[in-house]
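# Results of the structural survey
Spelled out, the chains give:
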There are 2 protein chains.
Amino acid sequence: MGKLVYSASMSLDGFIAGAGGDASWMTEYLGPDPVVDDVISQVGALLVGNRTFRGDDPHRDTPREGKPFGGGWEGPQFVVTHHPPGTPVPGVTFVTDLASGVAAAKAAAGDKNVNVLGASIARQCLDAGLLDEILVFITPVLLGDGTRLFERPGGGKIRLQRLRVAEGARMTALWLRVAG
Amino acid sequence: MGKLVYSASMSLDGFIAGAGGDASWMTEYLGPDPVVDDVISQVGALLVGNRTFRGDDPHRDTPREGKPFGGGWEGPQFVVTHHPPGTPVPGVTFVTDLASGVAAAKAAAGDKNVNVLGASIARQCLDAGLLDEILVFITPVLLGDGTRLFERPGGGKIRLQRLRVAEGARMTALWLRVAG
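Residues numbered from 1 in each chain as written. Chains lettered and ligands numbered in written order. Predicted model: local features only at pLDDT ≥ 70, side-chain atom pairs only at ≥ 80, totals over all residues. Heavy atoms only, no water.

## Concerning the interface of chain B and chain A
- Contacts between the two partners involve 40 residues from chain B, matched on the other side by 40 residues from chain A.
- Regarding the contact of chain B and chain A, the summed buried area is about 3200 Å², with carbon and sulfur atoms giving 56% of it.
- Summed over the three residues of chain B that lose the most area to chain A, namely B:Leu12, B:Leu142 and B:Arg162, the buried surface amounts to 23% of that side.
- One salt bridge connects B:Glu28 with A:Arg159, and the closest N-O pair in it is separated by 2.9 Å.
- Summed over the shared surface of chain B and chain A, the number is 24 residue pairs in polar contact (both at pLDDT 80 or more).
- Among the secondary structure elements, those contributing two or more residues to the side of chain B that touches chain A are β7 (133–139), β8 (141–142), β10 (158–167) and β11 (172–178) of chain B.
- If you tally residues by element for the side of chain B that touches chain A, the top one is β10(B), at seven residues.
- For the side of chain B that touches chain A, the class distribution of residues is 23 nonpolar, seven polar and ten charged.
- Here strand β8 (residues 141–142) of chain A pairs with β10(B) via two bridges, running antiparallel. For A:Leu142, the partnering residue across the bridge sits in β10(B) and is B:Ile158. (Contact = heavy atoms within 4.5 Å. Buried area = accessible area lost by both parts, 1.4 Å probe. Salt bridge = Lys/Arg side-chain N within 4 Å of Asp/Glu carboxyl O. Polar contact = N/O pair within 3.5 Å; in protein donor to acceptor, adjacent residues only side chain to side chain. Helix = DSSP H or I, 4+ residues; strand = E, 2+ residues; numbered from the N terminus. Nonpolar A, V, L, I, M, F, W, Y, C, P; charged D, E, K, R; others polar. Pairing = 2+ DSSP bridges.)

What follows is the structure, encoded as structure tokens:
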């Protein structure tokens, strides 16, 4: 059975997007990387937050950033939203609640992992006790402001367990298990 | 000549202290660690922010958390403050501006590094172009809220270069050079 894994490229100071949701900062860090390729090969399905799917435009029917993982992956995507678009999107299934989205994505992924995309849905998975692992690609940059890995005002300590560290071409991959 | 290095233990989500400045979260991650010992052995002097030195009490004359690095280090400390305490503190030199604090600490450290303690002074060093390296001990925990590695509202991209990664007992040490 695959795991539910939240993966994200993150600046050293903890941001997955710059101010205003800007994802362009990441462009210069993309490129051939065996560590990233290995991660992508283990992904069987995506669980995508509505905000990540639609970007800044709530009426958009197509993903904001073209292909997931910059184009190196093809597979089923599950988007959690109360307002599915009127026209179908190839390869994308719209679900209305988190639990059924996770279940459907896991069934579709089989032995592979379900990869969570989006800080808000990742936090919902964490809060619901559904998140198995976190994989961050720590990128050698400071962004200073923007969207954080998790937004949890007021805080609360959640213990993790380090599983593995790998040095990618420029990013450093860090896998952790959510310990509860 | 030693380098000016900002080092901090940081939660995976980018906090060096919990909500309200709470540093107690770190306690369970302290303990024998050859990677930490190696870092400490390279430190010749400390450059300490006033807030870090005094803690929550602006009138306090002694450091908040007893010994630096949990007690494993002895050496000269330089505290940047416009309001030095009335009575001397052994081993501590009070300086009124950042540049002279950095110069004095570097002179005292000789061939060893000057270690910056405190998010605010670290940011000042970064802004002034004085910071050479950042060393984070990424700790397997999410804190959700608190004091960030750097506070830079509005953001601004600063490129880093990865120098070294080391797996400590539980923390993962990541060294980076400030690339400008």
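We are not done yet, so read on.
## Thoughts on the pairing of strand β7 (residues 133–139) of chain A
Residues and elements named next belong to chain A.
- Most of β7 is tucked away: seven of the seven residues are buried.
- What you see with β7 is no split at all: Glu133, Leu135, Phe137 and Thr139 on one side and Ile134, Val136 and Ile138 on the other are buried throughout.
- In this sheet, β7 lies alongside strand β1 (residues 4–11) in parallel orientation, the contact comprising seven bridges. Bridged to Ser7 within β7 is Leu135.
- Pairing analysis gives six bridges linking β7 to strand β11 (residues 172–178), with the strands arranged antiparallel. (Buried < 20%, exposed > 50% of the residue type's maximum accessible area, 1.4 Å probe, protein only.)

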